[in-house]
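Chain and residue survey
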Amino acid sequence: MRLDEKRDLLSIDDLEDSFSDIMEWALTFKSDTNSHLDFQPLAGMAIGSIYEKPSTRTRVSFEVGISKLGGQPLTLSKNDIQLGSSESVSDTAAVLSRYLDCITYRCFGHDTVMELAEHATVPVINALSDLHHPCQAAADLMTIISRRKPSQGHIAWVGDGNNVLHDLMLAAAMTGYDLVYATPDGMGPDSLVLERALSLSKKNGSSITGTSDPKIAVKDAGVIYTDVFISMGEEHIEGKSKLFDGFQVNDELAALARPDYIFMHCLPAHRGDEVTDSVIDSENSVVFDQAENRMWAQISILTFLCNHQAWQTYRDLI
Ligand code: CP
Ligand code: NVA
């Protein structure tokens, strides 16, 4: 396949045609330490990242990953640039496209990253919006694929029906993993995203089901995944955290999963709220491998989008 037009990554199903290959590429490259120094597909390229919200993992994994690939990372806080009140999203997209070879963008409303992508002539990667977090899902599936087969228990989501769940559902559906999500009544996933995920899971022979009972979701699970109850930008929603009584992932709940279950969290974790120390620090927890995989998954994605020929050449060696 050649990329004749620029491709954006706004939600993980934008990569549907190549997702499994992107995962395999990332896992192979991560372990192929001999190739790391010689592989410079972003040499001569500059990749800019705009942040409207704070970030530790996304920012550092992109900066380091871009540098490893020979590219120049450029991180821009929204407060440092004219985007917003002084300059439109479309003008910002047009201008940045004259300097940069790819733009990553962490924003509030998903419409904003869609607008940036529409007006940019270079690939745009969503680095988290209120609706989607595709780079997280790529790292999540990379972590799951390396440790569990779809037959070794389903993925159980316990928590809010949020951006992380949305792309996890889509990614699980694209790779044939069953997923059961437990969300409080009225806090379920976005209906249109759910519809897309259900259609993908049907195509790939897996299932997605919802419940408001965390115990049902976790029973015999191979993976337990949770995230903060209050996402960035939701701090003003009064009383939201009260809806999550009974949704903490603790030893009692985790005991319902398979004994060899893995615990996952996109991080940052609010220890004592959605998860106890005893679970996140247990032998079942893979949260720091998962965080590391952000970088390897993004290395595969950046190469795929920005230098497809180099991605393909390495792919052919696998
Ligand atoms: N998981 C994640 O996106 O972390 P950051 O907010 O630190 O980037
Ligand atoms: N759902 C969280 C994820 C943080 C990585 C948020 O949007 O704040």
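Above this text you will find the structure in question.
Here's what I pulled together on the structure shown here. (Residues numbered from 1 in each chain as written. Chains lettered and ligands numbered in written order. Predicted model: local features only at pLDDT ≥ 70, side-chain atom pairs only at ≥ 80, totals over all residues. Heavy atoms only, no water.)

Concerning the nonpolar core
As a rule of thumb, nonpolar side chains are buried together in soluble globular proteins. Basically, it comes down to this: We call a set of buried Ala, Val, Leu, Ile, Met, Phe, Trp, Tyr and Cys residues a nonpolar core when their side-chain atoms join them within 4.5 Å. Each residue is placed in one exposure class: buried if its accessible area under a 1.4 Å probe, protein chains only, is under 20% of its type's maximum, exposed if it is over 50%, and partly exposed if it falls in between. Pairs of residues are marked as contacts when any of their non-hydrogen atoms sit within 4.5 Å.
One finds Ile-12, Ile-125, Met-169, Leu-179 and Leu-302 to be the most contacted residues of the largest nonpolar core, which totals 63 residues. With near-sequence residues (within four places) excluded, Leu-179 lies in contact with Ile-155, Leu-165, Leu-168, Met-169, Ala-172, Ser-207, Ile-208 and Thr-209. Counting 23 residues, the second-largest nonpolar core is a separate cluster that includes Ala-182, Val-218, Phe-247 and Phe-263.

With respect to helix α2 (residues 57–68)
To keep it simple, the criterion reads: Strands are runs of DSSP state E lasting at least two residues, helices are runs of H or I lasting at least four, and both sets are numbered from the N terminus onward. In this scheme, a helix's expected span is set at 1.5 Å multiplied by one less than its residue total. By construction, the arc corresponds to the directions joining the helix axis to the C-beta atoms.
Over its 12 residues, α2 runs 16 Å from end to end, which matches the ideal 16 Å to within 8%, given 1.5 Å per residue. Here α2 has its buried residues at Thr-58, Ser-61, Phe-62, Gly-65 and Ile-66. Within α2, the buried residues cover an arc of 125 degrees as seen down the axis, which keeps them to one side. Contacts from the buried residues of α2 go to β1 (46–51), β2 (72–77), β3 (102–106), β4 (124–126), α5 (134–147) and α11 (287–306). Gly-70 sits one or two positions beyond α2 and adopts a positive phi of about 90 degrees.

A word on the state of the cysteines
Put simply, the test is: When two cysteine sulfur atoms are found within 2.5 Å, that pair is recorded as a disulfide.
Summed over the entire model, instances satisfying the criterion amount to 0 disulfides. The thiol of Cys-306 is unpaired, and the distance to the nearest cysteine sulfur, on Cys-102, comes to 3.9 Å. Relative accessible area serves as the criterion here: at 17%, Cys-306 is assigned to the buried category.

Focus: the site of ligand 1
Going by this rule: For this description, a residue counts as near a given molecule or strand if any of its non-hydrogen atoms is within 4 Å of it. Nitrogen and oxygen atoms within 3.5 Å of one another constitute a polar contact, given that in protein one can donate a hydrogen and the other can accept it, and given that sequence-neighbouring residues count only through two side-chain atoms. Methods summary: accessible areas were calculated by the Shrake-Rupley approach with a probe of 1.4 Å, and residue burial reflects only the protein chains presented.
Around ligand 1 lies a shell formed by Ser-55, Thr-56, Arg-57, Thr-58, Arg-106, His-133, Gln-136, Cys-266, Leu-267 and Arg-294. In the model, an oxygen atom of ligand 1 is placed 2.8 Å from a nitrogen or oxygen of the His-133 side chain. Here ligand 1 loses 96% of its free accessible area of 250 Å² to cover by the protein chains.

Details of the site of ligand 2
For clarity, the cut-off: Here the term charged refers only to Asp, Glu, Lys and Arg, the term nonpolar to Ala, Val, Leu, Ile, Met, Phe, Trp, Tyr, Cys and Pro, and the term polar to all other amino acids, Gly among them.
Around ligand 2 sit Leu-128, Asn-162, Asn-163, Val-164, Asp-227, Ser-231, Met-232 and Leu-267, and that is every residue in its neighbourhood. Residue Asp-227 places a side-chain N or O atom 2.7 Å away from a nitrogen atom belonging to ligand 2. Across the complex, the protein chains shield 95% of the 270 Å² of accessible surface that ligand 2 would expose by itself. Grouping the constituent residues of the shell around ligand 2 by class yields 4 nonpolar, 3 polar and 1 charged.

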